[in-house]
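One letter stands for each residue in the lines below.
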Amino acid sequence: AHDLEPNAKDVWSINNEFGIESLVEIGYISTSGATWGNLEWGGRNEGNLHVQLMGPREGVYDLTGTDLVEGWGFNVPTGKLVSAFETAGDTQRKGATLITESELIAGGGAVLSIQWDYEKAIRVKYATKAEDTSVGGDTPLNYGTNFRLFRYAEVLLLAAEAYNKVGGQDAAARTELNKVRFRAGLADVSTSLSGNDLFEAIVNEKFLELAHEGQRFWDLVRWGKASTELAGTSYSSTNDLFPIPISEIDKNTLMTSDDQNPGY
């Protein structure tokens, strides 16, 4: 039976892979001994290169006091995410997701230089940890951390959203939402929270719970919030859909290249 992991930090631990919360998971290993000489960029590597890509950028931080090692610095937390955790008083889940600059310094570390997208936090979800890679081969290429593509916490939040949207089911929506909040160490939402106010609470909860897991963009598109939330970026409504492959258009005698999705 599936359930939430009792401790949020355990959700992404290499020691809890294929655990009770994981529904769809991509497996990686740290023992294939990949090297720079045999790495297949975009190919069938058995180590999780994405972990290295998202680790704290080399030369930017003194990571003393953490259990992290250097990576390549992509997927950095935004100030908006840090603020959302702090506004909610969400310390347990925040600690499983990111570490702020002040927390890094308090632990004995330091920020040595500033990378262009740095907003005073580094990510620890899917973090670069020395024990998660191999001493064989080149260590940046052999992280064995699995990707959790779909997990039970998201099912609960989707159920909450569905109950809220169907109308007359806000009590059930609050029940599912509160299960996720309880694991995060947060109080239940008010029993008076309903309608659109409850929907916005679910939206915010999903922002916190699934931070850095690659789901937010598709939610924003589905909610009709993408143009507002992503204003000032390179986003356009064209990005809401993938293009229809020309090979599929060619196979369909009722379609022409003019039947392509808008913007392509």
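In case you missed it, the structure is sitting above this.
Keep in mind it's a predicted model, so treat the numbers as computed, not measured.

Peer 1: What is the right way to look at the packing of helix H5 (residues 152-166) against helix H6 (residues 170-183) in this model?
Peer 2: A pair of packed helices is characterised by two quantities: the angle between their axes and the separation of those axes. The N-to-C vectors of H5 and H6 enclose an angle of 155 degrees; their axes lie 7 Å apart at closest approach. By the angle class used here, H5 and H6 are roughly antiparallel. Between H5 and H6 lies a crossing of left-handed hand. Along its contact with H5, which presents Ala 153, Leu 156, Leu 157, Ala 159, Ala 160, Tyr 163 and Asn 164, the element H6 presents Asp 170, Ala 172, Ala 173, Glu 176, Leu 177, Lys 179, Val 180 and Arg 183. Partitioned by chemical class, the residues of the contact of H5 with H6 number ten nonpolar, one polar and four charged.

Peer 1: What is the right way to look at the layout of surface pockets in this model?
Peer 2: One water molecule sets the probe size; rolling that probe over the atoms shows where empty space is left. Of the voids in this model, the largest pocket is the one considered here, and its volume is about 930 Å³. Residue lining of the largest pocket: 29 residues in total, with Asn 75, Val 76, Thr 78, His 212 and Leu 230 positioned closest to the centre. Ranked by residues supplied to the lining of the largest pocket, first place goes to helix H8 (residues 216-223) with four residues. Residue composition of the lining of the largest pocket, grouped by class: twelve nonpolar, eight polar and nine charged. Here the second largest pocket is characterised by a volume of approximately 470 Å³. Every residue lining the second largest pocket is counted, 22 residues in all, and those nearest its centre are Lys 9, Asp 67, Val 124, Ala 127 and Lys 129.

Peer 1: I'm lost on unusual backbone geometry in this one. Help?
Peer 2: As a rule of thumb, non-glycine residues mostly have phi less than zero, and peptide bonds are mostly trans rather than cis. Residue Tyr 126 is not a glycine yet carries a positive backbone phi of 55 degrees. A positive phi angle is found at His 212, which is not glycine, with a value near 70 degrees. Its location among the elements puts His 212 in the loop between helix H7 (195-209) and H8.

Peer 1: Which parts of the structure should I look at to understand the environment of Ala 153?
Peer 2: Checked against the element boundaries, Ala 153 lands in helix H5. Taking the C-alpha atoms as reference points, Ala 153 and Glu 5, 148 residues apart in sequence, are found 9.2 Å from one another.

Peer 1: Even after reading the chapter, I still don't get H7, so can you show me in this structure?
Peer 2: Residues separated by three or four positions in an α-helix point in the same direction, a consequence of the helix having 3.6 residues per turn. Between its first and last C-alpha, H7 extends 21 Å over 15 residues, near the 21 Å set by a 1.5 Å rise per residue. Looking at H7, one finds that the buried residues are Leu 198, Phe 199, Ala 201, Ile 202, Val 203, Glu 205, Lys 206, Phe 207, Leu 208 and Glu 209. The elements touched by buried residues of H7 are helix H2 (79-88), helix H3 (91-95), strand E6 (147-151), H5, H6 and H8.

Rules used in this analysis
Residues numbered from 1 in each chain as written. Predicted model: local features only at pLDDT ≥ 70, side-chain atom pairs only at ≥ 80, totals over all residues. Heavy atoms only, no water. Axes fitted to C-alpha atoms, helices over the stretch in contact; angles between N-to-C directions. Helix = DSSP H or I, 4+ residues; strand = E, 2+ residues; numbered from the N terminus. Parallel < 35°, antiparallel > 145°, perpendicular 65-115°, else oblique. Left-handed = near helix turned anticlockwise from the far one by under 90°. Contact = heavy atoms within 4.5 Å. Nonpolar A, V, L, I, M, F, W, Y, C, P; charged D, E, K, R; others polar. 1 Å grid on protein atoms, 1.4 Å probe; cavity = no way out; pocket = protein on both sides within 12 Å on 5 of 7 lines; lining within 4 Å. Points joined across faces, edges and corners; volume = space filled by probe spheres on them. Expected span 1.5 Å × (residues − 1). Buried < 20%, exposed > 50% of the residue type's maximum accessible area, 1.4 Å probe, protein only.

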